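Architecture at a glance
Here are the chains, one letter per residue:
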Amino acid sequence: MGSARDPAADLRRIAFLLERNREPTFRVRAFRTAADVVDGLAGDELRRRDESGSLTELAGIGATTARCISESLAGDVPGYLAKLEQQRSGEDDLAPATAAFRAALRGDCHTHSDWSDGGSPIGEMADAARALGHDYLVLTDHSPRLKVANGLTAERLERQLDVVAELNERYADDGARPFRILTGIEVDILEDGTLDQKPSLLSRLDLVVASVHSKLRMPAAEMTPRMVAAVSNPHTDVLGHCTGRLVAPHHDASRRAGGPEKSTSGRGTRPESEFDAEMVFAACARFGVAVEINSRPERLDPPTRLLRIAVDSGCLFSIDTDAHAPGQLDWQPNGCERAARCDVPMESIVNTWTADDLLAWTADHSVRSG
């Protein structure tokens, strides 16, 4: 037993690891709620309640979270946390090539907050990214047409830009390692290939991810020109999860060992959209648009056969998590393993670049559209 730990920090760490493991939302929320309750207590009330055994009388604290708080106050790593950390340690034993790609990444170019369909505030997402060693996080909440994901209207996006500016002032005043949030959006590619946001507003953003979310079963003869039109748009920087597929997730060890990728019909899965990959990736190479290597376990997009075509086409890439919660920001090794397996050139991955170099690239539309 040692000096007391920070119970709220331990509870949030548990929530982070549960998110990383794709545990049910209600379980994650229980620990984040308990952490907020702990932070809201005045003076020594937390310790007094622990000593009197009345922690569970507080709304938002149950038997499991109370036990974690008690262990943390006693100076011990909560048993629940220790178990999750041990599991993470085993999973983080990456192959050397995968580890090299992960070590080279400086940020994540596709993330969501509770402004659209994410589960956490912007600052919480950014703090988690910083703790993972990132230099920057690109915030890319959804555009207005995707109402099911609470897509941002132009007015809400304008307000979000102000919030990001305030948070960046906080990071700038922090004497620790530099970090910043870059402004962005995951903009829908509409049926005619146009982008679902005002061009004047897109031009103000640091980075734009363009993705297809509707009419995914459109015939290839229509999907191909739709995607090429979006890629040729000077505001597009990254082509997000290009096939839109949802796969039956494999065990992490199987993926990292190069296990097969399956796309089957049925509940929880979705087949790939059909398009002329050589034509779309040639357009990406011509216009300087990065092909996203999406690290979400249920996406793993593009499939390896298409990823190899993108490599052969001379494309740029971005290894992203498409995270909707802080713990999901730790999914980048999934994409790194696939990049290593497909011989993606390290220098072609835009989020291995510094924030300044990334911003110079996104601003250089005249060269990219030549």
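Structure first, text after, so check above.
To start, this report covers the structure provided alongside it. All residue numbers refer to positions counted from 1 along the written sequence of the respective chain. Local features in a predicted model are, by the rule used here, given only for residues with pLDDT of at least 70; side-chain atom pairs are given and counted only at 80 or more, and totals for whole chains, interfaces and linings are based on all residues. The side-chain figures draw on all heavy atoms in the structure; neither hydrogens nor water molecules are used.

Here's the deal with the overall build of the protein chain
Strands are runs of DSSP state E lasting at least 2 residues, helices are runs of H or I lasting at least 4, and numbering of each runs from the N terminus. The helix and strand tally for the protein chain stands at 16 helices and 7 strands. For the protein chain, whose C-alpha radius of gyration is 21 Å, the value lies close to the compact-globule estimate of 21 Å for 370 residues. Here the C-alpha coordinates of the protein chain stretch approximately 70 × 45 × 40 Å along the principal axes. Exposure classes here rest on a 1.4 Å probe applied to the protein chains alone. A residue is buried below 20% of its type maximum, exposed above 50%, and partly exposed in between. The 370 residues of the protein chain split such that 54% are buried. We call two residues contacting when some pair of their heavy atoms lies within 4.5 Å. Considering only intrachain contacts with a sequence separation of at least 6, the fraction spanning at least 24 residues in the protein chain is 77%. Summing over all exposed atoms, the protein chain offers an accessible surface of approximately 15700 Å²; the carbon and sulfur share of this is 51%. As a reference, a globule follows 2.2 Å times the number of residues to the power 0.38, and the radius of gyration itself is taken over C-alpha atoms. With residues, only the protein chains shown are counted as cover, and all accessible areas are computed by Shrake-Rupley using a 1.4 Å probe.

Here's the deal with unusual backbone geometry
The phi torsion of most residues other than glycine is negative, and most of the peptide bonds are trans. Omega for the bond connecting aspartate 301 with proline 302 falls within 30 degrees of zero, at 5 degrees, which places this linkage in the cis form. Within the element layout of this structure, proline 302 appears in the loop between strand 6 (290-294) and helix 13 (304-312). With a phi close to 55 degrees, asparagine 150 is a non-glycine residue in the positive phi region. Considering the arrangement of structural elements, one finds asparagine 150 in the loop between strand 2 (136-139) and helix 8 (154-173). Despite not being glycine, lysine 215 shows a phi value in the positive range, around 50 degrees. Relative to the assigned elements, lysine 215 resides in the loop between strand 4 (207-211) and helix 10 (220-232). With relative accessibility at 51%, the residue lysine 215 sits in the exposed group.

Observations regarding the nonpolar core
Among soluble globular proteins, nonpolar side chains are generally buried collectively. Counting 87 residues, the largest nonpolar core has Ile181, Leu239, Phe281, Phe317 and Val344 as its most contacted members. A total of 7 residues in this core trace back to one element, the largest contributor, which is helix 1 (residues 7-20). Sequence-distant contacts of leucine 239, defined by excluding residues within four places in its chain, comprise Ile189, Ala210, Met227, Val231, Val280, Cys284, Val289, Ala290, Val291 and Glu292. In plain words, nonpolar cores are sets of buried Ala, Val, Leu, Ile, Met, Phe, Trp, Tyr and Cys residues tied together by side-chain atoms within 4.5 Å.

Things to note about helix 12 (residues 277-287)
Buried residues of helix 12: Ala277, Val280, Phe281, Ala283, Cys284 and Phe287, and no others. Buried positions in helix 12, seen along its axis, are confined to an arc of 150 degrees and lie on one side of it. Turned more than 90 degrees off the buried face of helix 12, the exposed positions are Glu278 and Arg286. For the purposes of these results, a polar contact is taken to be a pair of N or O atoms within 3.5 Å, where, inside protein, one atom must be able to donate a hydrogen and its partner to accept one; residues adjacent in sequence count only when each atom of the pair is a side-chain atom. The N-cap of helix 12, judged by a side-chain oxygen 3.2 Å from the amide nitrogen of glutamate 278 a few residues on, is aspartate 276. Remark: glycine 288 follows helix 12 within two positions and exhibits a positive phi of approximately 70 degrees. The directions considered for the arc are those from the helix axis to the C-beta atoms.

Quick notes on the packing of helix 3 (residues 45-52) against helix 4 (residues 63-73)
To obtain each axis, a line is fitted to C-alpha atoms, and for helices this fit is confined to the stretch in contact; angles are then taken between N-to-C directions over 0 to 180 degrees. Viewed as axis vectors pointing N to C, helix 3 and helix 4 meet at an angle of 110 degrees, and their least axial separation amounts to 10 Å. For the element pair helix 3 / helix 4, the angle class is roughly perpendicular. Across from Leu46, Arg47 and Asp50 in helix 3, the residues of helix 4 making contact are Ile69, Ser70 and Leu73. Taken together, the residues of the contact of helix 3 with helix 4 sort by class into 3 nonpolar, 1 polar and 2 charged. Here the angle decides the label: under 35 degrees means roughly parallel, over 145 means roughly antiparallel, 65 to 115 means roughly perpendicular, and every other value means oblique. Gly falls in the polar group here, along with every residue not listed as nonpolar (Ala, Val, Leu, Ile, Met, Phe, Trp, Tyr, Cys, Pro) or charged (Asp, Glu, Lys, Arg).

Here we look at the pattern of salt bridges
Any Lys or Arg side-chain nitrogen found within 4 Å of a carboxyl oxygen on Asp or Glu counts as a salt bridge. The final tally for this structure, using the stated rule, is 22 salt bridges. Two residues, arginine 13 and glutamate 85, come together in a salt bridge whose shortest N-O distance is 2.8 Å. Here glutamate 85 lies in helix 5 (residues 79-91) and arginine 13 lies in helix 1, a separation of 72 residues in the sequence. In this structure, the salt-bridge partner of arginine 48 is aspartate 44, at a minimum N-O distance of 3.2 Å. Using a relative accessible area of 47% as the deciding quantity, one classes arginine 48 as partly exposed. Residues joined in a network through salt bridges with shared partners are Arg12, Asp36 and Asp39.

With respect to the packing of aromatic side chains
Any two of the Phe, Tyr and Trp rings considered here, Trp counted by its six-membered ring, make a pair once their centres fall within 6.5 Å; the pair's planes then place it as stacked at under 30 degrees, edge-to-face at over 60, or tilted in between. With the rule as written, the count across this model stands at 3 aromatic pairs. Both rings, one in tryptophan 353 and one in tryptophan 361, keep their centres 5.8 Å apart while their planes meet at 90 degrees; by these two values the pair is edge-to-face. Taking the ring centre of tyrosine 171 as reference, the NZ or CZ of arginine 170 above it sits at 4.7 Å. To sit over a ring, a charge needs its Lys NZ or Arg CZ within 6 Å of the ring centre and within 35 degrees of the ring normal.

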